[in-house]
Amino acid sequence: MNFNSLEFLVFLPIVFLLYWFVFQKREWQNLLVVTASYVFYGWWDWRFLFLIVFTSLCSFYSGLLIERWRRSTPQSNNTKARLVCTANLVVNFLILGVFKYYNFFAESLVQLFWQLFHYELGWVTLNVVLPVGISFYTFQALSYTIDVYRKDVAVTHNIVEFCAFISFFPQLVAGPIERAKNLLPQFQKDRHFDYAQAVDGCRQMLWGFFKKVVIADRCAANLNPLWDNYADYSGVSLWGLALLFTFQIYCDFSGYSDIAIGCARLFGIRLQSNFNYPYLSKSIPEFWRRWHISLMTWFRDYVYFPLGGSRCSLWKVVRNTFIVFGISGLWHGANWTFVCWGLYHGSLVVLYRLFVKRGHESGHHQQQDISHTLAPSHSRILGRIKDICNVTLTFLLAVIGWVIFRAENISQAWDFVSRMILTAFDDFHFRLGSANTFIAILLLFIVEYLQRDKAHVLQFPDNRLFRCSTVRYSLYASIVLLLFFYAGEVQTFIYFQF
């Protein structure tokens, strides 16, 4: 079930009313959450509900076994606990690998055999359907098992609470990827309706729908018909195409996160933030601290830190960085372009660490000495100019990365990027769709810059103008009208395929 569908607009009020006015006890509310979540997911294809149930049961009973064996004599049972944790990881990664990556590796093997031996391995390929959101709920379930093994969270003995944690419908198919220590305790305590929290959740949902329906879907409508014929366009137009996808994927995914977080607040549940205005970042490492936060912190805690993180020799830090970004790229999809996209960003992070960060550290004392000789106003102006340059450079590097991400294959990515860069100044004739889309993107950029210190754009706690209810409701009504009259053609959320 899509958030931007008529079915969801009927589904959400029904679940909301049942949750607060019929099933008022915590146990019944949790059971309703599980039931509603399975209906929400099964609306797409009920057969894949068995995968969610199986993943949930594996992680739930793994936690119980780890706890049981640790209660007895320590040493041998720690080994058993490690075996249980490892077994659960292996089983779930095998499921994820078969459904998400079998076609990818099988087709790669077929191509390799054909190129080397001119022999076709047709029997290897299968038509495996990718279940929606499998990467998200699998990572969420595995984080629980790892945290229980590490003794970072207490084991739960209530299977309904645990299934609610795994399958909570607002974030089930595209995140944020929640941790047990944040989300599970919220299903273990009583919840009471909070009017202010619910209203703020509705505001965040409204802004999420605006980003998805008015900007992301309109970007897709302008972009999709032109992408396959990119070779017919000038360098300037190719940059325009790249910008369209840059804002399409941001508004699509962050819009989903806003809707999910706001929707969860309607039920008294707080989800972690997943985006923090990433296109305002001053460096690529900062970009990755602001983009898809739940995924990158997952890789940080369960891959990067166990490998040694940054507290080891330089070459190991470089190795760890490339491993994390390579896996992150592969997580996004079964295509070599995703791997290249991840390694591209990994290379930028490594270069920043080797040259820029070291240069900052070595020149920090000198900069302090120079700053004393400058007038305060001049120092502030120079600082702002530097920040603008850093944000612009980081944004352009991210745009190039999104071309690699969007490309059908590596050769297309290389050709597209080459044409963007080499022919950027050859022809200034801009031949892309409606200018209204770019105006909406510009307004989005300005508004998010002005509201960059808020959890979401429609929070106005300190603004005198928006204390007036007439002004606030006029703004909300304007956004609703834009949703109806300036919506693009309905598009599925991009991250549903990951």
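Quantities reported herein were computed from a predicted structural model and do not represent experimental measurements. Along each chain, numbering runs from 1 in the same order as the chain's sequence is written. Per-residue local features are limited, in this predicted model, to residues with pLDDT of at least 70; the limit for side-chain atom pairs, both in listing and counting, is 80 or more; totals at the level of whole chains, interfaces and linings are taken over all residues. Only hydrogens and water are set aside; all other atoms, that is, all heavy atoms of the structure, feed into the side-chain values.

A. Structural view of helix α5 (residues 134-149). Its 16 residues give α5 an end-to-end C-alpha distance of 23 Å, which sits within 8% of 22 Å, the value for a rise of 1.5 Å per residue. Here a helix means four or more residues in a row that DSSP labels H or I, a strand means two or more in a row labelled E, and each is numbered from the N terminus. One or two residues past the end of α5 sits Lys151, with phi positive at roughly 65°. Residue count minus one, scaled by 1.5 Å, sets the expected span of a helix.

B. The arrangement of the pattern of salt bridges in detail. Salt bridge, as applied in this entry: a Lys or Arg side-chain nitrogen positioned within 4 Å of an Asp or Glu carboxyl oxygen. Within this structure, the stated rule accounts for 16 salt bridges. Here Arg265 ties to Asp200 by a salt bridge, and the two come within 2.5 Å at their closest N and O atoms. Of the two residues, Arg265 sits in helix α9 (residues 235-266) while Asp200 sits in helix α8 (residues 195-227), which places them 65 residues apart along the sequence. Across the pair, exposure class does not vary: Arg265 and Asp200 are buried alike. Its salt-bridge partner being Arg290, residue Glu286 comes within 2.9 Å of it at the nearest N-O pair. We call a residue buried when its accessible area falls under 20% of the maximum for its residue type, exposed when it is over 50%, and partly exposed in between, using a 1.4 Å probe and counting protein chains only.

C. Structural detail: the confidence of the model for the chain. On average, residues of the chain score 84 in pLDDT, and 84% of them reach the 70 mark or higher. Mean pLDDT in the chain bottoms out at helix α13 (residues 336-373), which sits at 74, and peaks at helix α6 (residues 159-167), which reaches 95. Scored from 0 to 100, pLDDT records how confident the predictor is in each individual residue. Residues count as neighbours in contact if any of their non-hydrogen atoms are within 4.5 Å of one another. Within the model, the stretch residues 365-372 combines pLDDT values under 50 with one contact to residues more than four positions away or in other chains.

D. Up close: empty space enclosed by the protein. Of the two site types, the cavity is a set of points on a 1 Å grid over the protein atoms alone where a 1.4 Å probe fits but cannot get out, and the pocket is an open set with protein on both sides within 12 Å along at least five of seven lines, each lined by residues with an atom within 4 Å of a point. Grid points are joined across faces, edges and corners, and a volume is the space filled by probe spheres set on the points. What the rule picks out here adds up to one cavity of 30 Å³ or more. There is about 60 Å³ of room inside the largest cavity. Lining the largest cavity we find Phe247, Tyr250, Tyr277, Pro278, Tyr279, Leu280, Leu444, Phe445 and Glu448. The biggest single contributor to the lining of the largest cavity is helix α16 (residues 435-450), with three residues. Only Asp, Glu, Lys and Arg are considered charged in this grouping, and only Ala, Val, Leu, Ile, Met, Phe, Trp, Tyr, Cys and Pro are considered nonpolar; every other residue, Gly among them, is considered polar. A per-class count over the lining of the largest cavity returns eight nonpolar, no polar and one charged.

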